[in-house]
Every structure is written in structure tokens, then in C-alpha cells.
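# Commentary on secondary and tertiary structure
Below, each chain spelled out in residue letters.
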Amino acid sequence: MAKHYSDFPWTNRMTVNTAHQNVDPSEIAKFERMASRWWDMNGEFKPLHDINPLRANYIDERAKVAEKKVVDIGCGGGILCEALYQRGAEVTGIDMGQAPLEVAKLHALESGASVNYIQSTAEAVAETQAGAFDIITCLEMLEHVPDPASTIKACAALAKSGGDIFFSTINRNPKAYGFAILGAEYLLKLLPKGTHEYSKFIRPSELCDWVRDAGLVVNDMCGITYNPITKKYRLNPDDVDVNYLVHARKP
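None of these values were measured; they are calculated from a predicted model.

With 14 residues, helix H4 (residues 98–111) ought to run about 20 Å at 1.5 Å a step, and its terminal C-alpha atoms sit 20 Å apart, in line with that. Where burial is concerned, most of H4 is hidden: 10 out of the 14 residues are buried. Along H4, the residues classified as buried are Ala99, Pro100, Leu101, Glu102, Val103, Ala104, Lys105, Leu106, His107 and Ala108. Against helix H1 (25–34), helix H3 (79–86), strand S3 (90–95) and strand S4 (115–120) lie the buried residues of H4. A positive backbone phi angle near 85 degrees is found at Gly112, which sits one or two residues after H4.

Burial of strand S9 (residues 243–249) is extensive: 5 of the 7 residues sit out of reach of the surface. As judged from the 7 bridges shared by strand S6 (residues 159–170) and S9, these two strands associate in the antiparallel manner. Across the sheet, residue Thr169 finds its bridge partner in S9, namely Tyr244. As defined by bridge partners, strand S7 (residues 217–227) adjoins S9 across 7 bridges and the pair is classed as antiparallel. Residue pairing across strands places Val218 opposite Ala248, the latter belonging to S9.

A separate point is the packing of helix H2 (residues 46–63) against H3. Where H2 meets H3, the closest approach of the two axes is 10 Å, and the angle between their N-to-C directions is 45 degrees. Classified by the angle between their axes, H2 and H3 sit oblique to one another. In the packing of H2 onto H3, the handedness of the crossing is right-handed. Side by side, H2 and H3 meet where Leu48, His49, Asn52, Arg55, Ala56 and Ile59 of the first sit next to Ile79, Leu80, Ala83 and Leu84 of the second.

Attention shifts here to the side chain of Thr151. Structurally, Thr151 can be placed in helix H6 (residues 148–158). Residue classification places Thr151 among the buried residues on the basis of a relative accessible area of 1%. Residue contacts for Thr151: discarding those within four places in its chain leaves Asn22, Ile73, Glu123, Cys138, Met141, Leu142 and Val145.

Overall, the coordinates contain 16 salt bridges when judged by the stated rule. Between Lys160 and Asp134 there is a salt bridge, and its shortest N-O distance comes to 3.2 Å. Taken as a pair, Lys160 in strand S6 and Asp134 in strand S5 (residues 133–139) lie far apart in primary sequence, 26 residues in all. Its relative accessible area of 30% is what places Lys160 among the partly exposed residues. The shortest N-O distance in the salt bridge between Asp239 and Lys175 comes to 3.5 Å. A residue pair is termed long-range when its members are at least 10 positions apart, and Asp239 in the loop between strand S8 (232–236) and S9 and Lys175 in helix H7 (residues 174–187) qualify at 64 residues. Residue classification places Lys175 among the partly exposed positions, given a relative accessible area of 33%.

Criteria and cut-off values
Residues numbered from 1 in each chain as written. Predicted model: local features only at pLDDT ≥ 70, side-chain atom pairs only at ≥ 80, totals over all residues. Heavy atoms only, no water. Helix = DSSP H or I, 4+ residues; strand = E, 2+ residues; numbered from the N terminus. Expected span 1.5 Å × (residues − 1). Buried < 20%, exposed > 50% of the residue type's maximum accessible area, 1.4 Å probe, protein only. Contact = heavy atoms within 4.5 Å. Pairing = 2+ DSSP bridges. Axes fitted to C-alpha atoms, helices over the stretch in contact; angles between N-to-C directions. Parallel < 35°, antiparallel > 145°, perpendicular 65-115°, else oblique. Left-handed = near helix turned anticlockwise from the far one by under 90°. Salt bridge = Lys/Arg side-chain N within 4 Å of Asp/Glu carboxyl O.

So this is what it looks like as C-alpha cells:
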């Protein structure tokens with residue numbers, strides 16, 4: 001009988017911090033159910049694997065991750081964590097889902113990536129590690145928490161003065177609904193049905209307001225677009241209608 005990831009002995013060494021639970025249990029359960037397939041590059045997480053080089057390049061070009069302390073908020077199975085580790089960063093991954101973190105730790109053992117994984121919210125880690133990180137990444141996560149502004153404030157607290165913070169999420173407009181839900185989940189079947197809820201999508205103006213309220217400065221915004229004919233993603237600074245990245249900095 002195949003073992004569940006929780007049967008592996010290293011999983012009981014995972015740090016767990018349940019304070020300040022800015023979490024939606026239904027969202028956690030959603031990704032727990034898919035966790036074992038996180039590193040299947042042709043499975044439900046194929047879009048994440050496809051855009052990961054674009055995300056990692058964007059972050060590295062703007063913040064130079066080598067020899068920097070990086071924390072990835074909402075790290076899931078560790079796709080971005082390992083990419084940044086391979087570029088020379090000292091990486092910590094934070095997530096509230098136990099199963100995705102177990103998968104991340106297992107894959108790190110297989111790949112040789114030395115990543116520190118913590119089961120916690122960003123808010124809780126910020127209480128003990130405020131100002132500890134050069135770079136904060138929080139990608140495809142804000143649309144899955146009840147209070148995105150709280151997560152953004154925690155990211156600001158975690159960053160050193162002069163630190164770089166990166167967010168990505170999905171715009172809220174009819175085009176985004178058509179592409180990210182109807183297109184990606186129902187027509188093209190790039191994602192499982194129910195992965196996203198339209199009401200939780202975030203307009204760039206809203207995200208930038210929360211970023212500024214957290215004491216950060218918005219440096220750049222860039223879209224990620226998908227061509228269904230070529231099946232290729234690319235960065236597009238002129239199109240933030242659907243998926244987009246924001247680079248902020250802590251003064």
C-alpha cells in the first residue's frame with residue numbers, strides 16, 4: 001500500500017504556528033486535496049510550473065536574490081521556493097496547509113534544495129521574525145485569504161528596511177472572470193473547477209492601496225498573459241487585466 005505523505009517521519013518536525021489565523025479552512029482543504037500532485041508538471045498545477053520561470057526571473061531581475069534571505073508566503077508545494085534556492089537565495093517557505101508542506105519537504109529531499117518550511121500564517125511569523133528578510137514573495141495567495149490587507153501588512157513587517165516585496169494575484173473584472181474561471185477552469189481545463197472565486201479577485205487599485213497603507217512603495221506592476229493557441233505565458237507590462245505582479249519596496 002502506498003504511503004500517505006503524513007506517514008513519513010520528517011513531517012512531525014515541521015514547525016506549526018496557529019496564531020493569527022487569517023485563513024479560510026475551505027481554501028486550505030482545496031489545496032490539501034491536490035497536494036500529492038503538486039510537482040506533476042502535467043497535472044492541476046501545470047500553470048504554476050509554466051509561469052514559475054517568468055515569476056522567478058521577474059523577482060531576480062528586480063531584487064537579485066543570490067545570498068539574500070527570502071520568505072515565500074503561501075508557498076504550497078515549494079515550486080517558487082526551490083527556483084529561488086537554485087538562484088542562490090536562503091529560502092523559507094510559509095503555508096498553513098500541512099499536506100502541501102509535506103510534499104514540499106519530500107521534494108526538497110529529492111532535489112537537494114535546502115529550504116526551511118514553516119506551517120504558519122504570515123502574521124504569526126512576523127511577530128517573531130520582523131525585519132528578518134531581504135525579499136518577501138506572496139504569489140497567487142492573496143485571493144485565497146479572508147483579509148488580504150492583513151497579509152500585506154505582515155509582509156511589510158517581515159521585510160528589512162529597503163527590502164523588496166512581490167505580490168501576484170488576479171484582477172476583478174469581466175475579462176478576468178472569462179479567462180481565469182470560465183476559460184482556465186471550464187473550457188481549457190488548466191485548473192480544477194472551483195479553484196478560484198470571482199468575489200475574491202483583487203483590482204490593482206485595491207492592492208496598491210493596501211500596499212501603501214502598509215507603509216510600502218509601489219515600484220512596478222506587470223501582467224502575465226496566456227496565449228491559448230501557442231499555450232505560452234509571457235510577462236506583459238501593458239496588460240494587467242487578468243493575472244498581474246506587483247513589486248513593492250519598504251522604505
